[in-house]
Amino acid sequence: MANSRILTLNEVIIQKQSAFPYAKGELSRLLMHIGLAAKIVNNKINKAGLETSIIGEVDNVNVQGEVQQKLDVYADEVFSKALQASGIVCGIASEECDEIIVFDDEMSKEGSYVICMDPLDGSSNIDVNVSVGTIFSIYRRISPVGDKVTNEDFLQPGIKQVAAGYIIYGSSTMLVYTTGLGTTGFTYDPSIGEFCMSHYYMVTPKNGQIYSINEGNYVKFASGVKKYLKWCQESDKDTGRPLTSRYIGSLVADFHRNLLKGGIYLYPKTASAPNGKLRLLYECNPIAFLAEQAGGMATDGYGNRILEIQPTNIHQRVPLFVGSKDMVEKAEEFMRENPDD
Ligand code: AHM
Ligand code: MG
């Protein structure tokens, strides 16, 4: 009988290395460093209720005289340090920092990759013990190796991503990533301290039963979104409606559930947020890459594929419609037939 031992993240990365477009082993090492940072952050998140120093305000000093640190700042530091230590990354764009972080030590300047990341997405859910995530997106730099990175290295459309993924800190912790050869999921086994492959080739259902949106914004939505939501809520046996509404308020968790079960996640523009809320570089692009690699679809609701949008700003926002292909197409149809007032 063949050896059926579960493979760890590092083992799978090494096995798949030869299929990477630039098979020098650098991207493999980079993904391993991300896995390591994920374990450190996971460990801290699991103590969120116990270690009061990781909840509360930044700049506060606790009774031991230590500076209190919000978990999203902590996660940002852990991932930044791990990525710099890899020696392969020359810079980072993070939700936590206004400007790009340039790694200008001699080793990092020789690095070929830049990373866009949201170190702790949905962090308002931390204090109430609800799932949060880390999202990352990896590009090859455009500027010459040896130079300092510039904003242009980060302002590449999503189709140029060489890898992307997320970590979901949920009822179990999972790392899901793609290098453009399908979407693969690993579940963290705390007893051995390893991410173990649990979802080899993730394929999202073509259609689903779940829609996820913050309906509190209903009155501010465009009429296409309003009419689509009403359609989701109508009864129709043939199309399996009414659909089920599920919204956690952590993009990673909402997307992960819909990826597995089939569904659509929408963060459309609203009257007060003309580009929606989510960020193109470190939220929408990596999620769109993972969705497409699992057979799903991601657009801005107006016929534009997320991965083809040319970014102009590292913190740019974009509306997001992502999930099962038939569901995204249906929502797009409502948007086309009900142009904005
Ligand atoms: P954050 O990066 O500040 O955590 O915001 C992003 C989060 C997403 O995870 C989530 O889907 C969305 O914001 C929820 O926003 P809202 O509360 O407006 O529904
Ligand atoms: Mg976020």
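All of these numbers come straight from a predicted model, not from anything done at the bench.

About the criteria used
Residues numbered from 1 in each chain as written. Chains lettered and ligands numbered in written order. Predicted model: local features only at pLDDT ≥ 70, side-chain atom pairs only at ≥ 80, totals over all residues. Heavy atoms only, no water. Donors = N, O, S within 2.8 Å, 3.2 Å for Na, K, Ca; no water. Helix = DSSP H or I, 4+ residues; strand = E, 2+ residues; numbered from the N terminus. Buried < 20%, exposed > 50% of the residue type's maximum accessible area, 1.4 Å probe, protein only. Near = heavy atom within 4 Å. Polar contact = N/O pair within 3.5 Å; in protein donor to acceptor, adjacent residues only side chain to side chain. Areas by Shrake-Rupley, 256 points an atom, 1.4 Å probe, with all protein chains shown as cover. Domains from an automatic or database assignment. Arc of directions from axis to C-beta. Contact = heavy atoms within 4.5 Å. Pairing = 2+ DSSP bridges. Salt bridge = Lys/Arg side-chain N within 4 Å of Asp/Glu carboxyl O.

Asks: Before we go on, may I ask you to explain the coordination of the magnesium ion (ligand 2) in this structure?
Replies: Octahedral six-donor coordination of a metal ideally yields angles of 90 or 180 degrees, compared with 109.5 degrees for tetrahedral four-donor coordination. Those donors, E95 (OE), D118 (OD), D121 (OD) and E283 (OE), are the protein atoms that reach the magnesium ion (ligand 2), and they lie 1.9 to 2.7 Å from it. If you list the donors of the magnesium ion (ligand 2) from N- to C-terminus, the spacing comes out as E-x22-D-x2-D-x161-E. Of this pair, D118 sits in strand β3 (residues 113-121) while E283 is found in helix α8 (residues 280-293), placing the two residues 165 residues apart along the sequence. Each member of the pair D118 and E283 is classed as buried.

Asks: Would you take a moment to explain the site of ligand 1 for this structure?
Replies: With respect to spatial proximity, 15 residues lie near ligand 1, and among them D121, Y247, L251, Y265 and Y267 are the closest. At 2.8 Å, a side-chain N or O of N214 approaches an oxygen atom of ligand 1. Y265 places a polar side-chain atom, nitrogen or oxygen, 2.7 Å from an oxygen atom of ligand 1. The fraction of the free accessible surface of ligand 1 (470 Å²) that becomes covered by protein chains is 79%. Taken together, the elements giving at least two residues each to the shell around ligand 1 come down to β3 and β11 (263-267). The two domains that each donate at least three residues to the shell around ligand 1 are domain 1 (9-199) and domain 2 (210-337).

Asks: So what exactly am I meant to see when it comes to helix α1 (residues 9-16) here?
Replies: Along an α-helix, residues three or four positions apart point the same way, because every turn accommodates 3.6 residues. Those residues of α1 that fall on the buried side of the exposure criterion are L9, V12, I13 and K16. Down the axis, α1 shows its buried residues gathered within 100 degrees of arc, on one side only. In α1, the exposed residues that point more than 90 degrees away from the buried face are I14 and Q15. Check the buried side of α1 and you find it contacts α2 (26-45), β6 (173-178), β7 (183-189) and β8 (194-199).

Asks: What am I meant to see in the sheet that holds strand β2 (residues 101-102) here?
Replies: Within a beta sheet, neighbouring strands are joined by backbone hydrogen bonds and run either parallel or antiparallel to one another. Here we have 8 strands laid out as an open sheet, ordered β2-β1-β3-β4-β5-β6-β7-β8, and mixed in their pairing. Two strands lie at the open edges of the sheet, namely β2 and β8, each paired on one side alone. Relative to β3, strand β1 (residues 89-94) runs parallel, the two being bridged by 5 bridges. Residue pairing in the sheet places A93 in a bridge with C116 of β3.

Asks: Help me out: how do you make sense of the pairing of strand β5 (residues 163-169) in this one?
Replies: Consecutive side chains along a regular strand alternate between the two faces of the sheet. Here β5 lies mainly inside the structure; 7 of its 7 residues are buried. Here β5 shows two buried faces, one formed by A163, G165, I167 and Y169 and the other by A164, Y166 and I168. In this sheet, β6 lies alongside β5 in antiparallel orientation, the contact comprising 6 bridges. Paired with Y166 across the two strands is V176, which belongs to β6. Counting the residues between successive antiparallel strands, the hairpin from β5 to β6 contains 3 residues.

Asks: I would appreciate a short explanation of the pattern of salt bridges in the present structure.
Replies: Any two side chains of opposite charge can pair, so long as their charged atoms come close to each other. Evaluated as defined, the whole model comprises 11 salt bridges. Put simply, K206 and D326 hold a salt bridge, and the shortest N to O gap is 3.1 Å. Note that K206 is positioned in the loop between β8 and β9 (210-212) and D326 in helix α9 (residues 325-337), a separation of 120 residues in sequence. Given the relative accessible area of 54%, K206 is considered exposed. Overall, the relative accessible area of 27% leaves D326 in the partly exposed class. Of the charged contacts in the structure, one is a salt bridge between K330 and E333, with a shortest N-O distance of 3.4 Å. Residue K330 and its partner E333 are both found in helix α9; the two are separated by 3 residues, about one turn of the helix. Looking at K330, the relative accessible area reads 24%, which means it is partly exposed. Of the residues examined, E333 reaches a relative accessible area of 26% and is grouped as partly exposed. The network of salt bridges with common partners includes E234, D236 and R241.

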